Amino acid sequence: MNNKAQGIRHKAQSEKIIIAVLSSILCILLLSGCTKEDKVFKKTRTEMFTTVTITVVSDSDKKAEEAIDAGFAEIRRIGELINYFSPDSELTAVNRSAGKGPVKVSRETLDTIMKAIHTADVTGGAFNPTIGPVIKLWGFSKKESERFVPSRDSVSAALRFVDYKKVKINEAASEVYLEDAGMELDLGGIAKGYGADKAIEVIRAKGIKAALVAIAGDIRGYGMRPDGQPWRVGVQNPRSKADKKSPDDDILTALYLTDQAISTSGDYERFFTEDGKRYHHIIDPKTGFPSESQAISVSVIAPEGYISDGISTGVFVLGSQKGIALLESMGLEGIIVDADMKAYITKGLKGIVEMPGMQ
Ligand code: ADP
Ligand code: MG
């Protein structure tokens, strides 16, 4: 082989080496491009007459989208079953048959009603899902200008139909019966938390490793954010400042959750003012009037959304002293803010939560 031929061979060999090196670099680049990183996906929609935000952590856009859509669909399905206002809901069928006969319902409707009755039991009736006739009288679902304070007589008349012990359940037959004609179940105090639980169930079943479902102030999460941190949920200032400069100005404190739920019940959600007095939508089942417990905001942390939702509504009615005692007896954590902006917290949050007005 002459020198020229040898040179060509050397050249060909070194070209081969260069190509091999280049292609392995390319391979590494491609591979790292394909090594999927977890990202946060988030969508907001209106369901259950309120703002629902679903956040999921996934390494795949497609998987994330599918899971989020399944979550929304589940919330819609549950909302339709237990919608107090819809003539076609299972809940309306139960209410219409009050005093007439039992109604066969789906497993989910039965489940929500049973959970609501249990919540009524543990709160000593401060949470009462048979509050329907009284809520209807106050018309909180109407426009603010169409709401007015009902007469004492009409409130007393409606209160006669409020008795959760007269809700008869036949679990085996999946039947519900309201014993007296005129009784009405209203699951508004527990439905969103339950909906968040069910949405989390379907999202988890899609193989998603972490998610947060927020149905207005009822929030359920599991798993961790991609940075390994728990989910951060702000507790809203119930008397938000008019001159707020950033959304964080509206936050009293932040709570962190992983496999838990947080619900906040506040007197600022739905209310109207008449003669300078605020009438809000959480009713004391003993009086039929908006609770005067002095609580203006109650946040509860619980293992499941139906618990945090129902219990926060009940604790709102009980007020700070009885409320904190109930939460601690149940092993739950919570924050109660009263009308003087004093904040009461359960023992388990001491040293963890800092906020203005803390007692
Ligand atoms: P929000 O709907 O603002 O999240 P809650 O979870 O506290 O607040 O639920 C309030 C709703 O619950 C009311 O709109 C009404 O439908 C119902 N409700 C009001 N008072 C009670 C009560 N004492 N027990 C059970 N449900 C109630
Ligand atoms: Mg509630």
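Summarised in this report is the structure supplied together with it. (Residues numbered from 1 in each chain as written. Chains lettered and ligands numbered in written order. Predicted model: local features only at pLDDT ≥ 70, side-chain atom pairs only at ≥ 80, totals over all residues. Heavy atoms only, no water.)

The helix and strand tally for the protein chain stands at 9 helices and 15 strands. Counting every position in the protein chain, which comprises 359 residues, the buried fraction comes to 49%. In the structure as shown, the protein chain presents an accessible area of about 18,200 Å², 53% of it carried by carbon and sulfur atoms. (Helix = DSSP H or I, 4+ residues; strand = E, 2+ residues; numbered from the N terminus. Buried < 20%, exposed > 50% of the residue type's maximum accessible area, 1.4 Å probe, protein only. Areas by Shrake-Rupley, 256 points an atom, 1.4 Å probe, with all protein chains shown as cover.)

The environment of ligand 1 is formed by 19 residues, the closest being Asp-186, Ser-265, His-281, Ile-283 and Thr-313. Within the side chain of Asp-186, one N or O atom sits 2.6 Å away from an oxygen atom of ligand 1. At a separation of 2.8 Å, an oxygen atom of ligand 1 approaches a polar side-chain atom of Lys-192. Computed on the free molecule, ligand 1 has an accessible area of 570 Å², of which 97% lies beneath the protein chains in the complex. If one sorts the elements of the shell around ligand 1 by residue count, helix α8 (residues 305–318) sits on top with 3 residues. Within the shell around ligand 1, the residues separate by chemical class into 8 nonpolar, 6 polar and 5 charged. (Near = heavy atom within 4 Å. Polar contact = N/O pair within 3.5 Å; in protein donor to acceptor, adjacent residues only side chain to side chain. Nonpolar A, V, L, I, M, F, W, Y, C, P; charged D, E, K, R; others polar.)

For the magnesium ion (ligand 2), every protein donor is listed as Gly-189 (O), Asp-309 (O), Asp-309 (OD) and Thr-313 (OG1), and the spread of their distances is 1.9 to 2.5 Å. Every donor residue of the magnesium ion (ligand 2) comes from the same chain, spaced as G-x119-D-x3-T. Of this pair, Gly-189 sits in the loop between β5 (175–178) and α7 (191–205) while Asp-309 is found in helix α8, placing the two residues 120 residues apart along the sequence. Both residues of the pair, Gly-189 and Asp-309, belong to the buried class. (Donors = N, O, S within 2.8 Å, 3.2 Å for Na, K, Ca; no water.)

Tallied over the full model, the rule gives 6 aromatic pairs. Note on Phe-49 and Phe-85: the rings are 6.0 Å apart at their centroids and 90° apart in plane angle, and the pair reads as edge-to-face. On the criterion of sequence distance, the pair formed by Phe-49 in the loop between β1 (39–47) and β2 (50–58) and Phe-85 in the loop between α2 (61–81) and α3 (90–96) is long-range, its members being 36 residues apart. Residue class for Phe-49 comes out exposed when judged on its relative accessible area of 67%. The class for Phe-85 is exposed, based on a relative accessible area of 51%. Between Tyr-84 and Phe-85 the ring centres are 5.3 Å apart and the planes differ by 80°, which places this aromatic pair in the edge-to-face class. (Phe/Tyr/Trp six-rings, centres within 6.5 Å; stacked < 30°, edge-to-face > 60°.)

Attention now goes to the sheet that holds β5. An order of β3-β5-β4 is seen for the 3 strands of this open sheet, with the pairing classed as antiparallel. On the outer flanks of this sheet lie β3 (103–104) and β4 (167–170), each paired with one strand and no other. In the sheet, β4 pairs with β5 via 4 bridges, with the strands oriented antiparallel. The partner of Ile-169 across the bridge, within β5, is Val-176. The sheet contacts of helix α4 (residues 107–122) involve β4 and β5, and relative to β4 the element is tilted by about 130°. (Pairing = 2+ DSSP bridges. Contact = heavy atoms within 4.5 Å. Axes fitted to C-alpha atoms, helices over the stretch in contact; angles between N-to-C directions.)

Another point: the environment of Lys-286. Of note, Lys-286 is situated in the loop between β12 (277–280) and β13 (295–302). Measuring from C-alpha to C-alpha, the distance between Lys-286 and Gly-125 comes to 8.6 Å, with 161 residues separating the pair along the chain.

Before going further, it helps to spend a moment on the side chain of Arg-220. Topologically, Arg-220 is positioned in strand β7 (residues 218–222). By relative accessible area, Arg-220 is classed as buried at 12%. Residues contacting Arg-220, with those up to four places away along its chain left out, are Ala-196, Asp-197, Ile-200, Arg-204, Ala-211, Leu-212, Val-213, Gln-260, Ala-261, Pro-303, Glu-304 and Gly-305.

Quick look at α7 now. For the α-helix, the turn length of 3.6 residues means that residues three or four positions removed from each other point alike. If you check α7, its first and last C-alpha atoms are 21 Å apart, about what 15 residues at 1.5 Å a residue would give, namely 21 Å. Of all 15 residues that make up α7, 11 are buried, and the element is covered over most of its length. Ala-191, Lys-192, Gly-193, Tyr-194, Gly-195, Ala-196, Asp-197, Lys-198, Ala-199, Ile-200 and Ile-203 are the residues of α7 that are buried. Of the surrounding secondary structure, the elements contacted by the buried residues of α7 are β2, α2, α4, β6 (210–215), β7 and α8. Gly-207 lies just past α7 and shows a positive phi near 85°. (Expected span 1.5 Å × (residues − 1).)

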